[in-house]
Amino acid sequence: MKNGVGKKAYRTITVVAVFVAIVLVAPFVNANPIIDDMQISLLPTDWYDGSSQQFQLNYSGIPGFPAFVLFGIVSTTTSEDYDYMFDGSISITPATLLEDQSSGGWAKGKFAGGSIMTIQGNLFNLYTEEYVVTEDTILVAQMSSDPWYLEEMISPPAPVNKIRGSASFSTTGGKLFNGDNSEGLTLRDFRADFTFPGTTPAIANFGSTSYSSSDPSIQTVPEPASISLFCLAVLAVMRKRKM
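All chains use their own residue numbering, which begins from 1 and follows the written sequence. Given that the model is predicted, a residue must reach a pLDDT of at least 70 before its local features are reported, and side-chain atom pairs must reach 80 or more before they are shown or counted; all residues, however, enter totals for whole chains, interfaces and linings. Processing note: side-chain calculations cover all non-hydrogen atoms of the structure and skip hydrogens and water entirely.

Chemist: What is the right way to read the nonpolar core from this model?
Modeler: The nonpolar side chains of a soluble globular protein tend to be buried, and buried together. Residue types Ala, Val, Leu, Ile, Met, Phe, Trp, Tyr and Cys, when buried and joined through side-chain atoms within 4.5 Å, form a set referred to as a nonpolar core. Three labels apply to residues, based on accessible area from a 1.4 Å probe with only protein chains included: buried if under 20% of the type maximum, exposed if over 50%, partly exposed otherwise in between. Grouped together as the largest cluster of nonpolar side chains are 44 residues, with contacts concentrated most on Trp47, Phe55, Leu57, Phe169 and Phe194. Per-element accounting of this core gives the leading share, 6 residues, to strand β9 (residues 131–143). In this description, contact between two residues means that some pair of their heavy atoms is separated by no more than 4.5 Å. Excluding anything up to four places from it in sequence, Phe194 contacts Phe55, Leu57, Ile92, Met117, Trp148, Ile163, Arg164, Gly165, Phe169, Ser217 and Ile218. Going along the chain from the N terminus, every DSSP run of H or I of four or more residues is numbered as a helix, and every run of E of two or more is numbered as a strand.

Chemist: It is not clear to me how the packing of aromatic side chains should be interpreted in this structure. Could you clarify?
Modeler: Each aromatic ring pair is summarised here by two numbers: the centre-to-centre distance and the angle between the ring planes. Centres within 6.5 Å make a pair out of two Phe, Tyr or Trp rings, where for Trp the six-membered ring is used; the pair is then stacked when the planes are under 30 degrees apart, edge-to-face when over 60, and tilted otherwise. This model, assessed by the stated rule, comprises 19 aromatic pairs. With 6.1 Å between their ring centres and 70° between their planes, Trp47 and Phe206 make a pair best called edge-to-face. Highlighted residues: Trp47 in strand β2 (residues 45–49) and Phe206 in the loop between β12 (190–196) and β13 (211–213), separated in sequence by 159 residues. Plain terms: the ring middles of Phe206 and Tyr211 are 6.4 Å apart, the flat faces sit at 85° to each other, and that makes the pair edge-to-face. Residue classification places Phe206 among the buried residues on the basis of a relative accessible area of 1%. Each residue in the set Trp47, Tyr48, Phe55, Phe111, Trp148, Phe194, Phe196, Phe206 and Tyr211 is aromatic and connected to the rest through ring pairs, giving one cluster. Only lysine NZ and arginine CZ atoms are considered, and such an atom sits over a ring when it is within 6 Å of the ring centre and within 35 degrees of the ring normal. Positioned above the aromatic ring of Tyr149 is the side chain of Lys108, whose terminal nitrogen or guanidinium carbon lies 5.1 Å from the ring centre.

Chemist: So what exactly am I meant to see when it comes to the pattern of salt bridges here?
Modeler: Side chains that carry opposite charge are capable of pairing whenever their charged atoms lie near each other. By definition here, a salt bridge exists when the distance from a side-chain nitrogen of Lys or Arg to a carboxyl oxygen of Asp or Glu is within 4 Å. Following the criterion strictly, the structure yields 3 salt bridges and no others. A salt bridge links Lys175 to Asp136; the nearest nitrogen and oxygen atoms lie 3.9 Å apart. Pair noted here: Lys175 is in the loop between β11 (163–173) and β12 and Asp136 is in strand β9, with a separation of 39 residues, a long-range link. Residue Lys175 is joined to Asp180 by a salt bridge in which the shortest nitrogen-to-oxygen separation is 3.6 Å. Note on Asp180: relative accessible area 43%, which makes it partly exposed. Taken together, the shared-partner salt bridges connect Asp136, Lys175 and Asp180 into one network.

Chemist: Any chance you could explain the pairing of strand β6 (residues 95–100) here in plain terms?
Modeler: It is a general feature of regular strands that their side chains alternate between the two faces of the sheet. Any two strands between which DSSP finds at least two bridges are classified as paired. Sheet topology places strand β3 (residues 54–59) next to β6; 2 bridges connect them, and they run antiparallel. Paired with Phe55 across the strands is Ala95, a residue of β6. Where β6 and strand β7 (residues 108–111) come together, 3 bridges link them in antiparallel fashion. Counted as the bridge partner of Leu97 is Phe111 from β7.

Chemist: Sorry, what's going on with the environment of Thr77 here?
Modeler: Counting through the fold element by element, Thr77 comes out in the loop between β4 (67–76) and β5 (84–92). Residue classification places Thr77 among the partly exposed positions, given a relative accessible area of 28%.

Dropping the structure here:
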């Protein structure tokens with residue numbers, strides 16, 4: 001090659017590039033199973049306190065007591081099934097109502113961000129029946145500081161008094177942080193979708209009335225950037241191995 005980079009220099013650059021790629025990709029590929037879906041069903045829960053005008057998660061009838069997890073199921077990016085299950089309790093530091101935007105009998109509230117979600121309990125592999133986390137903190141996650149919303153779904157088609165809202169979280173602790181458990185199970189940053197069907201009493205606005213739900217649920221959905229980064233890393237290594 002008369003112009004540009006010579007063959008020897010080109011090979012050197014290629015080796016360096018591959019080395020850098022391996023260093024960057026290896027932590028994602030060789031590492032832990034990544035959670036891509038987590039469905040959490042709760043026992044009856046008080047989720048809005050009218051006296052303080054705050055979002056919360058308390059077991060129904062016991063102020064300040066965390067909500068009970070009836071069951072949680074977990075799947076990973078490497079499986080089409082839910083391979084793990086957990087139980088225990090879930091709490092969240094109260095989120096203050098910033099503005100009641102309800103109108104025409106339909107409830108909508110704007111809430112402050114920054115809350116901390118904590119899940120404690122036991123998590124086990126459904127197939128091996130072995131415990132991955134035993135009587136410990138499964139997850140600690142920090143909500144984004146951005147405001148978020150809870151609003152009544154239009155009925156029909158949704159059932160009456162069904163409330164839903166979403167907020168973004170960053171995983172900051174617990175046994176799912178950095179795979180700190182017996183199987184390396186890891187939850188990266190996610191969006192939490194809160195659903196409160198059959199809200200009682202009947203809801204029309206966010207004010208001084210407290211609300212509860214008999215069968216609320218939470219779904220964690222990984223942020224697209226987290227899953228995309230993991231998938232790109234896997235593809236890069238697969239391509240390298242075929243060369």
